[in-house]
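Residues per chain are reported as follows:
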Amino acid sequence: MATGEQGQVAAAWAQLHGLEPQRLAGLFTGDPARVAAMTRRISWPVAPGSAEQTGMTIDFAKTHLGEAELAAFEALADAAGFAAAREALFGGGIVNVTEGRAATHGALRGSGTDAQVEEAEALLARMGMLVEAIHQGALGEVKHCIAIGIGGSALGPALAIDALTRDLALVDVHVVSNIDGLALEQAFAACDPQTTLIAVASKTFTTIETMTNAASALKWLADNGVEDPGGQVVALTAAPEKAVEWGVDETRILPFPESVGGRYSLFSSIGFPIALAIGMEEFRQLLAGAKAVDDHFRTTEGRANAPLLAAFADQYYTRLRGCQTRAVFAYDERLALLPDYLQQLEMESNGKSVTVSGDPVDGPTAAVTWGGVGTDAQHAVFQLLHQGTHLIPVDFIVSIAPGDDLDPAHHRILLMNCLAQGAALMAGKASDDPARAYPGDRPSTTFLLDDCDAAALGALIAFHEQRTFANAVLMGINPFDQFGVELGKAIAKQIEKGEGDFDPSTKALMAMAGLA
Ligand code: F6P
């Protein structure tokens, strides 16, 4: 990962820390053109090859980024080597320095070197052939799929399937991640073993939860009279040799490159359950939306670059205003799982304490990402957003086109509530009664999707991938490793083997839980 000139980076941060916070209302009165200046649009064709465009509009006007902040963040991006880092990302450079790897998730949707894009297209074509063969009955009747994976091998498929199969699922997919047997039992109860495909998704094909669940799923098929349980298993992995060793037939292994990180793998063969549920044509629309964001991110400079501008706001709130969390509320049932997805993407990527060169970071890194669905969340947690003592930047996401066929009043009320919350957070309200006063000046960013379809979902995901990357560059950290998850796994293994010397509290708990 390219690192910038340290002296210039420090100077840019010093400049930013020296800026006096301005009130949102003042930013609007000081600049009548603010809305246009702070609104970004990313578009893509309504259908493959169509000249008609659709897309998403992102309104950053209700953030505290004024001219001084924007100029200083642009200087920071330059000093931090943003342009070179971005070129390295798309050019197959070793951006994951601690693991000596490129990060080629962009190539999965056509944004990368020719060789990487060619390889990704070949793998996608292979996945497409298997998906279509299954739809045509090559593996017998397939009505259900239990997709087993965890973390990045589950969150993307779970989000996309939940979002895109409200009207129709070509195959009924159940994503199971937790080792808690209740999760798998629930999927078993909803599926017929004779017509159920088991998709085992694991980049490493060693993750204990996934391998244990996969073995139990295979046993469930066998126990329920399936003659050839192995014939109903598909593996999605960057370690095909491990899947062969585990007993999966090579013809049903869909590999993806090692250089695609788990939380960036939705567009690889990890997306097989999505394609099975929505069909290859729709899956390609997911890729097309993501590609539109990549193209924008790759070719747009400074504040005009929407994911970079979002990262400026993220850095402003975490580093200059001390915000420890950021909240995401999708006013759309189809995006109910988006906060879960973003939590892994942002917190596993940027929840770090050292820079690319191994030095301690000089400020807070990723905020805690959390959120929910509007309008439900308004009646549960918004009290704290409006009157609590925390300053929490909020992202609102809403589609202009409705997803439902009911009385249009439903969608109008949804939309008006979404916009009302952003307005209320910013405006606040004075009152003689302190309990009834709203301080206001609370920031939000609004994502207005023309529609919440496959392409828009792909665009939203790629937007957040690139936003996460841009944040990492501004902080000088590597977003592509995740060593922080290893220690707990190692200790769990020690407990399993009865090895290791534990603290008194853990020893007591182990004894009570029957583990010692
Ligand atoms: O433990 C964290 C992690 O490695 C994630 O980064 C990853 O998405 C998840 O586990 C699952 O890993 P795998 O796909 O190798 O099973």
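Residues numbered from 1 in each chain as written. Predicted model: local features only at pLDDT ≥ 70, side-chain atom pairs only at ≥ 80, totals over all residues. Heavy atoms only, no water.

Quick word on the sheet that holds strand S5 (residues 196-201)
Sheet architecture is open: 5 strands sit in the order S4-S3-S5-S6-S7, paired in parallel fashion. Single-partner strands in this sheet number two, and they are strand S4 (172-176) and strand S7 (253-255). In this sheet, adjacent strand axes meet at a mean angle of 20° when their direction is disregarded. Where S5 meets strand S6 (residues 233-237), 4 bridges bridge the pair, whose relative direction is parallel. In the strand pairing of S6, Ala199 is matched with Val234. Contacting S5, S6 and S7, helix H6 (residues 114-135) crosses the sheet at an angle of about 150° to S7. (Pairing = 2+ DSSP bridges. Helix = DSSP H or I, 4+ residues; strand = E, 2+ residues; numbered from the N terminus. Axes fitted to C-alpha atoms, helices over the stretch in contact; angles between N-to-C directions. Contact = heavy atoms within 4.5 Å.)

So, the pattern of salt bridges
Any two side chains of opposite charge can pair, given that their charged atoms come close. Counted by the stated rule, this structure contains 25 salt bridges. For Glu87, the salt bridge goes to Arg298, with nearest N and O atoms at 4.0 Å. Here the residue Glu87 occupies a position in helix H5 (residues 82-90), and Arg298 occupies one in helix H12 (residues 280-299), the gap between them amounting to 211 residues. Residue Glu87 is classed as partly exposed on the basis of its relative accessible area, which comes to 41%. Arg109 is the salt-bridge partner of Glu465, the closest N and O atoms lying 2.7 Å from each other. Of the two residues, Glu465 is situated in helix H17 (residues 454-475) and Arg109 in the loop between H5 and H6; the sequence distance between them amounts to 356 residues. A relative accessible area of 5% places Arg109 in the buried class. A single network of salt bridges, built from pairs that share partners, joins Asp314, Arg326, Glu346, Asp395 and Arg467. (Salt bridge = Lys/Arg side-chain N within 4 Å of Asp/Glu carboxyl O. Buried < 20%, exposed > 50% of the residue type's maximum accessible area, 1.4 Å probe, protein only.)

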